[in-house]
There are 2 protein chains.
Amino acid sequence: MKKDIDSLMDASDVDALLVTGSARHNPAMVYLTGGAHLTKADLIKKRGCAPVLFYSSMERDEAAKTGLETRNLGDFRLHELQREMGGDILLATVERYRRMFSDVGVTSGRVALYGKIESSEAYALFTALQDALPGITLIGEFETSILLSVMSTKDEDEVERIRRMGQKTIEVVDMVADFLTSRDVQDQVLIKSDGSPLTIGDVKRRINLWLAERSAENPEGTIFAMGHDAGVPHSSGTDSDQLQLGKTIVFDIFPCEPGGGYFYDFTRTWCLGYAPEEAQVLYDDVLAVYKQVMGELQAGTPCMEYQQQTCELFEARGHTTIMSDPQTQDGYVHSLGHGLGLHVHERPSFRTSSGEGDRLEPGVVVTIEPGLYYPQRDMGVRLEDTVWVRPNGEIEVLVEYPLDLVLPMK
Amino acid sequence: MKKDIDSLMDASDVDALLVTGSARHNPAMVYLTGGAHLTKADLIKKRGCAPVLFYSSMERDEAAKTGLETRNLGDFRLHELQREMGGDILLATVERYRRMFSDVGVTSGRVALYGKIESSEAYALFTALQDALPGITLIGEFETSILLSVMSTKDEDEVERIRRMGQKTIEVVDMVADFLTSRDVQDQVLIKSDGSPLTIGDVKRRINLWLAERSAENPEGTIFAMGHDAGVPHSSGTDSDQLQLGKTIVFDIFPCEPGGGYFYDFTRTWCLGYAPEEAQVLYDDVLAVYKQVMGELQAGTPCMEYQQQTCELFEARGHTTIMSDPQTQDGYVHSLGHGLGLHVHERPSFRTSSGEGDRLEPGVVVTIEPGLYYPQRDMGVRLEDTVWVRPNGEIEVLVEYPLDLVLPMK
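Residues numbered from 1 in each chain as written. Chains lettered and ligands numbered in written order. Predicted model: local features only at pLDDT ≥ 70, side-chain atom pairs only at ≥ 80, totals over all residues. Heavy atoms only, no water.

## So, helix H6 (residues 119-132) of chain B
Right, on to step 1. With 14 residues, H6 of chain B extends 19 Å between its outermost C-alpha atoms, agreeing within 8% with the 20 Å of an ideal straight helix rising 1.5 Å per residue.
Right, on to step 2. Counted residue by residue, H6 of chain B has eleven buried out of 14 residues, so it is predominantly covered. (Helix = DSSP H or I, 4+ residues; strand = E, 2+ residues; numbered from the N terminus. Expected span 1.5 Å × (residues − 1). Buried < 20%, exposed > 50% of the residue type's maximum accessible area, 1.4 Å probe, protein only.)

## A closer look at the sheet that holds strand E4 (residues 69-72) of chain A
Hydrogen bonding along the main chain pairs the strands of a sheet, whether they run parallel or antiparallel.
All names here are of chain A.
Right, on to step 1. Reading across the sheet, the six strands line up as E4-E3-E2-E1-E5-E7 and stay open at both edges, with mixed pairing between neighbours. What marks the edges here is a single partner per strand, and that holds for E4 and strand E7 (136-139). Across the sheet, the axes of successive neighbouring strands diverge by a mean angle of 25°, strand direction being ignored.
Right, on to step 2. Pairing between strand E2 (residues 41-46) and strand E3 (residues 52-55): three bridges, direction antiparallel. Residue pairing for E3: Ile44 is matched across the bridge by Val52.
Right, on to step 3. Seen against the sheet, helix H5 (residues 89-103) touches strand E1 (16-21), E2, E3, E4, strand E5 (109-114) and E7 and runs at an angle of roughly 40° to E2.
Right, on to step 4. Helix H6 (residues 119-132) rests against E1, E5 and E7 of the sheet, and its axis sits at about 160° to E7. (Pairing = 2+ DSSP bridges. Axes fitted to C-alpha atoms, helices over the stretch in contact; angles between N-to-C directions. Contact = heavy atoms within 4.5 Å.)

## Focus: the environment of Val94 of chain A
Residue and element names in this part refer to chain A.
Right, on to step 1. Assignment of secondary structure puts Val94 in helix H5.
Right, on to step 2. Residues Val94 and Leu125, 31 residues apart in the sequence, show an inter-C-alpha distance of 7.1 Å.
Right, on to step 3. In contact with Val94, not counting residues within four places along its chain, are Leu125, Ala128, Leu129 and Ala132.

## A look at the domain arrangement of chain A
All names here are of chain A.
Right, on to step 1. According to the domain assignment, chain A contains domain 1 (2-149) and domain 2 (152-407).
Right, on to step 2. If you look at the interface, domain 1 gives ten residues, while domain 2 gives twelve residues.
Right, on to step 3. Counting across the domain 1 and domain 2 interface gives one salt bridge.
Right, on to step 4. With a closest N to O distance of 3.7 Å, Arg351 and Glu143 form a salt bridge. (Domains from an automatic or database assignment. Salt bridge = Lys/Arg side-chain N within 4 Å of Asp/Glu carboxyl O.)

## A word on the environment of Arg71 of chain A
All names here are of chain A.
Right, on to step 1. With respect to the secondary-structure elements, Arg71 resides in strand E4.
Right, on to step 2. In this structure the C-alpha to C-alpha distance between Arg71 and Leu43, which are 28 residues apart in sequence, comes to 9.6 Å.
Right, on to step 3. Excluding anything up to four places from it in sequence, Arg71 contacts Val52, Leu53, Phe54, Tyr55, Phe76, Asp103 and Val104.
Right, on to step 4. Reaching out from Arg71, the side chain makes a polar contact with the side chain of Asp103 at a distance of 2.4 Å. (Polar contact = N/O pair within 3.5 Å; in protein donor to acceptor, adjacent residues only side chain to side chain.)

## Details of the packing of aromatic side chains
Right, on to step 1. Enumeration over the complete set of coordinates arrives at 14 aromatic pairs over all chains.
Right, on to step 2. Summarising the aromatic geometry, the rings of Phe314 of chain B and Tyr332 of chain B are spaced 5.1 Å apart at their centres and angled 35° between planes, so their arrangement reads as tilted. Of this pair, Phe314 of chain B sits in helix H11 (residues 303-316) while Tyr332 of chain B sits in the loop between H11 and strand E13 (338-339), placing them 18 residues apart in sequence. This pair shows no difference in class: Phe314 of chain B is buried, exactly as Tyr332 of chain B is.
Right, on to step 3. Taken together, Phe224, Phe251 and Trp270 of chain A form an aromatic cluster joined through their ring pairs.
Right, on to step 4. The ring of Phe179 of chain B has Arg183 of chain B lying over it, and the distance from NZ or CZ to the ring centre is 4.2 Å.
Right, on to step 5. Against the face of Tyr374 of chain B rests Arg377 of chain B, its NZ or CZ located 4.7 Å from the ring centre. (Phe/Tyr/Trp six-rings, centres within 6.5 Å; stacked < 30°, edge-to-face > 60°. Lys NZ or Arg CZ within 6 Å of the ring centre and 35° of its normal.)

## Some points on helix H9 (residues 200-213) of chain A
Residue and element names in this part refer to chain A.
Right, on to step 1. With 14 residues, H9 ought to run about 20 Å at 1.5 Å a step, and its terminal C-alpha atoms sit 20 Å apart, in line with that.
Right, on to step 2. For H9, a buried count of ten out of 14 residues is recorded, marking the element as mostly surrounded by other parts of the structure.
Right, on to step 3. Of all the positions in H9, only Ile200, Gly201, Asp202, Val203, Lys204, Ile207, Leu209, Trp210, Leu211 and Ala212 are classed as buried.
Right, on to step 4. Once H9 finishes, Ser215 follows within two positions and takes phi at roughly 55°, a positive value.

## A word on the packing of helix H5 (residues 89-103) of chain B against H6 of chain B
All names here are of chain B.
Right, on to step 1. Where H5 meets H6, the axes come as close as 10 Å, and the angle between the chain directions of the two elements is 60°. Relative to H6, the element H5 is oriented oblique. When you trace H5 past H6, the crossing you get is right-handed. Contacts between H5 and H6 involve Leu90, Thr93, Val94, Tyr97 and Phe101 from the first element and Ala124, Leu125, Ala128, Leu129 and Ala132 from the second.
Right, on to step 2. Looking at the contact of H5 with H6, its residues break down into nine nonpolar, one polar and no charged. (Parallel < 35°, antiparallel > 145°, perpendicular 65-115°, else oblique. Left-handed = near helix turned anticlockwise from the far one by under 90°. Nonpolar A, V, L, I, M, F, W, Y, C, P; charged D, E, K, R; others polar.)

## A few points about the interface of chain A and chain B
Right, on to step 1. The interface of chain A with chain B comprises 73 residues on the first partner and 73 residues on the second.
Right, on to step 2. With both sides pooled, the region where chain A packs onto chain B buries about 5,900 Å², and carbon together with sulfur makes up 52% of that total.
Right, on to step 3. Considering only the side of chain A, the residues that lose the most area to chain B are Met58, Tyr123 and Phe142 of chain A, jointly responsible for 15% of the buried surface there.
Right, on to step 4. Connecting chain A to chain B are zero salt bridges.
Right, on to step 5. Applying the counting criterion to the chain A and chain B interface returns 29 residue pairs in polar contact (both at pLDDT 80 or more).
Right, on to step 6. Of all the elements in the fold, those that place two or more residues in the side of chain A that touches chain B are helix H3 (60-65), helix H4 (78-84), H5, E5, strand E6 (116-118), H6, E7 and H9 of chain A.
Right, on to step 7. Classifying every residue of the side of chain A that touches chain B gives 21 nonpolar, 33 polar and 19 charged.
Right, on to step 8. Summarising the sheet, E6 of chain A and strand E6 (residues 116-118) of chain B pair through three bridges and their orientation is antiparallel. Paired with Lys116 of chain A across the two strands is Glu118 of chain B, which belongs to E6 of chain B. (Buried area = accessible area lost by both parts, 1.4 Å probe.)

## Details of the sheet that holds strand E10 (residues 223-226) of chain A
All names here are of chain A.
Right, on to step 1. Here four strands make up an open sheet; going across it, the order is E10-E11-E12-E20 and the pairing mixed. The open sheet has two free edges, formed respectively by E10 and strand E20 (406-407), since each of these has just one partner strand.
Right, on to step 2. Across five bridges, the pairing between strand E11 (residues 249-253) and strand E12 (residues 266-272) is antiparallel. Considered in E12, the bridge of Phe251 is made with Arg268.
Right, on to step 3. Contacting E10 and E11, H9 runs over the sheet at an angle of about 160° to E10.

In structure tokens:
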């Protein structure tokens, strides 16, 4: 949680954080500013001190809205520096950062870097900055970071925002279910009111519209994958496919607050009208594992134990998993879930490869999403809910929704 | 244009490009893959060769849809490498990149880095990769790059996509105008059908909905700024403000294709019902400069000449500009425009600080957006259209729309 930031910086021997880039769709900057209409900003947080936001003059009102201590980047006179540096904008920018650090009292120590920006620019800038500031050590972190650790546990306000996004998600899911089951059917294919076949593209357009009506953004798109596509976990589905009865449809939806705020993440697998025997069998296996794992989640347990357990449960039911064959594309082929917040995938991780790994600490918000995939048999099943480990250790599914496979046509 | 990529790599003595990250809302990856549902991918393009896309196994179908030559990242067995490296995921990832480079025949030379990713990860990964690969020199580029140069001129297909986004933009702008002028008015304030005052938040929600109806995304938000806010160029407006007659409203809208495709960028300034004398005078000055500069645009001219001219024209009309006072917040305070494409701001740049700078080459798509800002007087005016310099040098406004200041109430 945000309140832990100084102690985690201390534990990692980091003296300051430098966050760069936009304050939209940029999790680190959204986290520390609360989100703002800042197209290009810098934020420096010294350990034990409040963050200082550096803004472009044209965005002074937007910067002020954050309530943070602010500095006008214009006062650092980049263009004068550029003239002094013989026109070299990189050297001038490096000198400006040196002055910005100095302005907030960072003149030595270790500075960790954050912010989603162009790697071209990041590499040019930060290697030049490191050369120019021998007293400061710039720190990059790979796959883990202080800020990701801080963000992995949520305070109640963050959980409420995730839950509200979940409620909007469920409303849209319910509208999709209602919309699909109200269609006429011809030759096993759903029909629009104009008599033409309903396609996945049609459904996705409605999803985006219904999300927009609820002020939700959908930057990562929606997975609405039928038949063969349902058998490939990250296949987003084929827009031109006509919706057919009796096919497994993996519907995975992960919208976020406007401007790149908190996400929700949710999956159901549906068969319209009826489920063929082998789809039902596959679904029953996933549902059984979903229920067993959900029932056993306990605060403090290493996440990878649940991944291991999920593999064992699926293997016991006769499915290949990545435990017995890391390259398999049939059976259970991914990890059980992931942290969820300002990133659709964040810490904790359920991967067994991350060593001792992350735990289900009180405060984490994670997805639990077992699935089985058989692309050659044109089917896949995944069930996903988002759960919060409450401060007292209780496990709570943030938004409940029926798990049913078959959506009967009305 | 994309066809120039090898010659520009040659001119910069660059042997390969490495692009990392998602294929959504990541301009470099969208540009070279055509956009795809790839959450994490790598693309290596060797000079003179077609790009090779490295995908995660779960996204194999999405990777195949790009039509590019592909490799399955699973075949590089990261987790085995990690075990061999004593569990160090960074070292394992570095070794995987070494093998990926080798796989496509890049074993020495200069490799330029692209892709919008976390700077924490970029700095950790690329400094470690550079240490591990002494035969290869990794290149970061600051404020300019090979790919930004390539992207700065558009082929006809790209221009058509920008134009189509422009047509959707104009449709929404027209709906907003119609919606506003159809409201009842009480005490100079627009009223909703339920009798309560119409707010800027209400208008923005409608804008997002009407964009979603047209399958447009709005990741950067919309500027709808009235009165004082209109006097601050990047103020996005205040959601709780009630819409009043006779105030300048700067309406700057810049949506993009779903998943982070091509943007459009468009601004009008409106006064609802009537314009006070001093708003009209300000508008007349901006319109006069808009028309004069638009009339003089000529293929091949350095963009900064138009910025200089715009400053001179505004100064001649009695306004302060950043030419005479770089720190001014009154008058003309920004640059005349910018390139537009997969970034809402890209090359060419109109800034006078970028030395000799960019030219209006045939093929560029740029915004032209003179404006005047007087926050103390609670007003601002900006007019912006997007123009294409056709291959034959003709200047074309991509989508025409009336420039009127006053929207008479119906």
